[in-house]
Amino acid sequence: SQKIEQNSEALNIQEGKTATLTCNYTNYSPAYLQWYRQDPGRGPVFLLLIRENEKEKRKERLKVTFDTTLKQSLFHITASQPADSATYLCAPSQGGATNKLIFGTGTLLAVQP
Amino acid sequence: EAGVAQSPRYKIIEKRQSVAFWCNPISGHATLYWYQQILGQGPKLLIQFQNNGVVDDSQLPKDRFSAERLKGVDSTLKIQPAKLEDSAVYLCASSFRRGPYEQYFGPGTRLTVT
């Protein structure tokens, strides 16, 4: 069955360092992948989208990579700040008729000042 | 631009009771989604509408859950009768249309079934 896996344990890093979050998928061939941020008590907020023919996408301090051979996406936050503390969700989609997103369980990032 | 609106924000009911959630998507967004998010998990798609037609409801427990999107704008999601395992946050999202477009989420409704 399709499986989307993210780091199950919380990621604790120091302010100013680069946070790297991992998203692995099995039995799945995404046409694109989205990353969302979710704060407690709120709905997810879109951050970045990367397509299968793109290796890397950047937006300000955020960078996403997509390796279809390794079946993995990495999400990087450079110069992290305490305000970056949140849960980050990976959501690949196979496209097609529905473009349905399958969300991972998310990784909780805690940036210590 | 106004975001996705949902109500109520919180609801507590007893098992076997019924409950309804309401969603108003962003104006002009053709695609509307209802997700269920159980604590500690990612959102799971329950149903997807394109205008007022259903695109995907493969994970909707149709014996107890129903949803409609009349006139292709607002939507309601109903659970009848509720079970303990339905306790979750119900998120509504909308996007400009189907495809590789970002989804805009509402704040969600936290449902507790006792």
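Residues numbered from 1 in each chain as written. Chains lettered and ligands numbered in written order. Predicted model: local features only at pLDDT ≥ 70, side-chain atom pairs only at ≥ 80, totals over all residues. Heavy atoms only, no water.

1. A closer look at the overall build of chain A
Along chain A, the regular secondary structure elements total zero helices and ten strands. Reading chain A from its N terminus to its C terminus gives the helix and strand order β-β-β-β-β-β-β-β-β-β. Computed over C-alpha atoms, the radius of gyration of chain A comes to 14 Å, within 12% of the 13 Å expected from 2.2 N^0.38 for 113 residues, which places it in the range of a compact globule. Expressed along its principal axes, the backbone C-alpha trace of chain A runs to roughly 45 × 30 × 20 Å. Per-residue burial over chain A gives 47% buried out of 113 residues. Element-wise, carbon and sulfur atoms account for 47% of the exposed surface of chain A, whose accessible area totals about 5,600 Å². (Helix = DSSP H or I, 4+ residues; strand = E, 2+ residues; numbered from the N terminus. Rg over C-alpha atoms; globule rule 2.2 N^0.38 Å. Buried < 20%, exposed > 50% of the residue type's maximum accessible area, 1.4 Å probe, protein only. Areas by Shrake-Rupley, 256 points an atom, 1.4 Å probe, with all protein chains shown as cover.)

2. A look at the interface of chain A and chain B
Between chain A and chain B, the residue contacts involve 20 residues of the former and 23 residues of the latter. Around 1,600 Å² of area is buried between chain A and chain B when both sides are counted, 52% of it from carbon and sulfur atoms. Per-residue buried area on chain A facing chain B is highest for Thr98(A), Lys100(A) and Phe103(A); these three make up 29% of the total on that side. A salt bridge links Asp56(B) to Lys100(A), with the nearest nitrogen and oxygen atoms 3.8 Å apart. Where chain A meets chain B, there are eight residue pairs in polar contact (both at pLDDT 80 or more). Those elements that provide at least two residues to the side of chain A that touches chain B are β4 (32-38) and β5 (45-51) of chain A. No other element matches β4(A), which puts four residues into the side of chain A that touches chain B. Per-class residue counts for the side of chain A that touches chain B are nine nonpolar, eight polar and three charged. (Contact = heavy atoms within 4.5 Å. Buried area = accessible area lost by both parts, 1.4 Å probe. Salt bridge = Lys/Arg side-chain N within 4 Å of Asp/Glu carboxyl O. Polar contact = N/O pair within 3.5 Å; in protein donor to acceptor, adjacent residues only side chain to side chain. Nonpolar A, V, L, I, M, F, W, Y, C, P; charged D, E, K, R; others polar.)

3. Quick look at the nonpolar core
All names here are of chain A. Of all hydrophobic cores here, the largest spans 22 residues; its most connected members are Trp35, Phe75, Ile77, Tyr88 and Leu109. Secondary-structure elements contributing two or more residues to this core are β3 (19-26), β4, β5, β7 (62-67), β8 (72-77), β9 (86-93) and β10 (107-112). Among the elements that make up this core, the one with the highest residue count is β3 (four residues). Once residues within four sequence positions are removed from consideration, tyrosine 88 is found in contact with Gln6, Leu21, Trp35, Tyr36, Arg37, Leu47, Phe75, Ile77, Gly106, Thr107 and Leu109. (Core = buried A, V, L, I, M, F, W, Y, C linked by side-chain atoms within 4.5 Å.)

4. Concerning the sheet that holds strand β1 (residues 3-6) of chain A
Residues and elements named next belong to chain A. Read from one edge of the open sheet, five strands run β1-β3-β8-β7-β6, paired in antiparallel fashion. The open sheet has two edge strands, β1 and β6 (56-59), and neither has a second partner. In this sheet, neighbouring strand axes are inclined to one another by 15° on average, regardless of whether the strands run parallel or antiparallel. Pairing between β3 and β8: six bridges, direction antiparallel. In the strand pairing of β8, threonine 20 is matched with histidine 76. (Pairing = 2+ DSSP bridges. Axes fitted to C-alpha atoms, helices over the stretch in contact; angles between N-to-C directions.)

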